[in-house]
Amino acid sequence: MGTRCACICSRKSTAGQSGARQELRRPKRRRPPRGSVEFTEENRRAFDEIVARYPSPRAAMLPALWLVQRQEGHISAEAMEYVGELLDTPPAEVQAVVSFYTMYDRRPPGAYKLQVCRTLSCAIMGAYDILRHLEERLGVHNGETTQDGQFTLQEVECLGSCGTAPMMQVNDKYYENLTVERVDTLLDTLRAKSAILDRVPVIHDPAEMQAAVPRAVVSAPAGDHGHDHDGGGRPGG
Ligand code: FES
């Protein structure tokens, strides 16, 4: 039987009651609204093609999450639930995967996501000097985004480019053999690109876009040796 509660309410305390009764009193978990995240037709086709390559839908989780992040800009709780439903996988399992890999963003990142490798080769070659410099110059720490929404700084583990350490990934590009001076040049270039893009009107016709975008936006900046990289982000970070 339950004992008398020590406070003035004179209710019986729950101590000693069965676990089953306590379970009944827990508030039900609120589910996020359904339908707020859904693949576009094109991405749904891409998703179906990806899943067909794997022995089970669950095995396609990494590329499926990458696809939803590409579409939504980040992976929200609703996106995790959506992918979980598509892959017949519990949301908690999807969340565990998303939080394990640094290539997935649970919050919208800045326009440029700076992922600085801090693993052994890069650490020996000066990764922490690069990180300290970025922190001072941008006024943010690991995992934070600048107030203007331009840069998100993130420390990550090995990105598989150890021979060109120290290096960092900026969105989908690798920038290697970094020095503080090269980082400064890169930041200036990225800021200049953003300033130009802010002045470019939104055009939906690709041919018109090609003609309208200033040359400076589409050509590689001087000293820019970054190269495209699809994906990235090893566990950790
Ligand atoms: S240690 Fe930095 S890329 Fe491998």
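Whatever comes next refers back to the structure up there.
Because the structure is a prediction, the values reported are computed rather than measured.

## As for the overall build of the protein chain
Helices and strands together make up the secondary structure of the protein chain, namely ten helices and five strands. Out of the 237 residues belonging to the protein chain, those deemed buried represent 37%. Just so you have it, the protein chain exposes about 14,500 Å², and 52% of that area is on carbon and sulfur atoms.

## With respect to the packing of aromatic side chains
Following the criterion strictly, the structure yields five aromatic pairs and no others. A centroid spacing of 5.5 Å and a plane angle of 70 degrees characterise the contact between Phe39 and Tyr82, whose relative ring orientation is edge-to-face. Pair noted here: Phe39 is in the loop between helix H1 (19-25) and helix H2 (41-52) and Tyr82 is in helix H4 (residues 77-86), with a separation of 43 residues, a long-range link. With a centroid separation of 6.2 Å and an interplanar angle of 80 degrees, the aromatic rings of Tyr101 and Tyr104 are classed as edge-to-face. An aromatic cluster is defined as three or more aromatic residues linked by ring pairs; in this entry it consists of Phe39, Phe47 and Tyr82.

## A closer look at H4
Within the span of H4, buried status applies to Ala79, Met80, Glu81, Tyr82, Val83 and Gly84. Backbone geometry just after H4 places Asp88 at a positive phi near 55 degrees.

## A word on the pairing of strand S1 (residues 112-117)
Most of S1 is tucked away: six of the six residues are buried. The sheet contact formed by S1 and strand S2 (residues 151-156) spans six bridges and is parallel. Its bridge partner lying in S2, Tyr112 is registered against Phe151. Bridge count between S1 and strand S3 (residues 168-170): three bridges; the pairing is antiparallel. Each residue of the ladder has a partner; that of Val116, found in S3, is Met168.

## A word on the packing of helix H3 (residues 61-72) against helix H5 (residues 91-100)
Contact pair H3 / H5: the axes reach a minimum separation of 11 Å and the direction vectors enclose 75 degrees. Between H3 and H5, the angle falls in the class roughly perpendicular. On H5, the residues that touch Met61, Leu62 and Leu65 of H3 are Glu93, Val94, Val97 and Val98. Classifying every residue of the contact of H3 with H5 by side-chain character gives six nonpolar, no polar and one charged.

## A short note on the pairing of S2
Working note: regular strand, side chains alternate between the two faces of the sheet. By the criterion of burial, S2 is predominantly enclosed, with six of the six residues buried. Judged by which residues are buried, S2 turns out to be covered on both faces: Phe151, Leu153 and Glu155 on one side and Thr152, Gln154 and Val156 on the other are all buried.

## So, the nonpolar core
In this structure, Phe47, Leu65, Val68, Ile75, Leu87, Val98 and Tyr104 are the most contacted members of the largest nonpolar core, which totals 23 residues. Elements with a contribution of two residues or more to this core: H2, H3, H4 and H5. Counting residues per element, this core draws most heavily on H3, which supplies six residues. Once you skip the residues sitting within four places of it in the chain, Ile75 turns out to touch Leu65, Val68, Gln69, Met80, Val98, Tyr104, Asp105 and Arg106.

## Some thoughts on H3
With twelve residues, H3 should reach 16 Å at 1.5 Å per residue; the first-to-last C-alpha distance of 16 Å fits that figure. Turning to H3, its buried residues number three or more, namely Met61, Ala64, Leu65, Trp66, Leu67, Val68 and Gln69. Those residues of H3 that are buried are in contact with H2, H4 and H5. Just beyond H3, the residue with positive phi is Gly73, at close to 95 degrees.

Cut-offs applied
- Residues numbered from 1 in each chain as written.
- Predicted model: local features only at pLDDT ≥ 70, side-chain atom pairs only at ≥ 80, totals over all residues.
- Heavy atoms only, no water.
- Helix = DSSP H or I, 4+ residues; strand = E, 2+ residues; numbered from the N terminus.
- Buried < 20%, exposed > 50% of the residue type's maximum accessible area, 1.4 Å probe, protein only.
- Areas by Shrake-Rupley, 256 points an atom, 1.4 Å probe, with all protein chains shown as cover.
- Phe/Tyr/Trp six-rings, centres within 6.5 Å; stacked < 30°, edge-to-face > 60°.
- Pairing = 2+ DSSP bridges.
- Axes fitted to C-alpha atoms, helices over the stretch in contact; angles between N-to-C directions.
- Parallel < 35°, antiparallel > 145°, perpendicular 65-115°, else oblique.
- Contact = heavy atoms within 4.5 Å.
- Nonpolar A, V, L, I, M, F, W, Y, C, P; charged D, E, K, R; others polar.
- Core = buried A, V, L, I, M, F, W, Y, C linked by side-chain atoms within 4.5 Å.
- Expected span 1.5 Å × (residues − 1).

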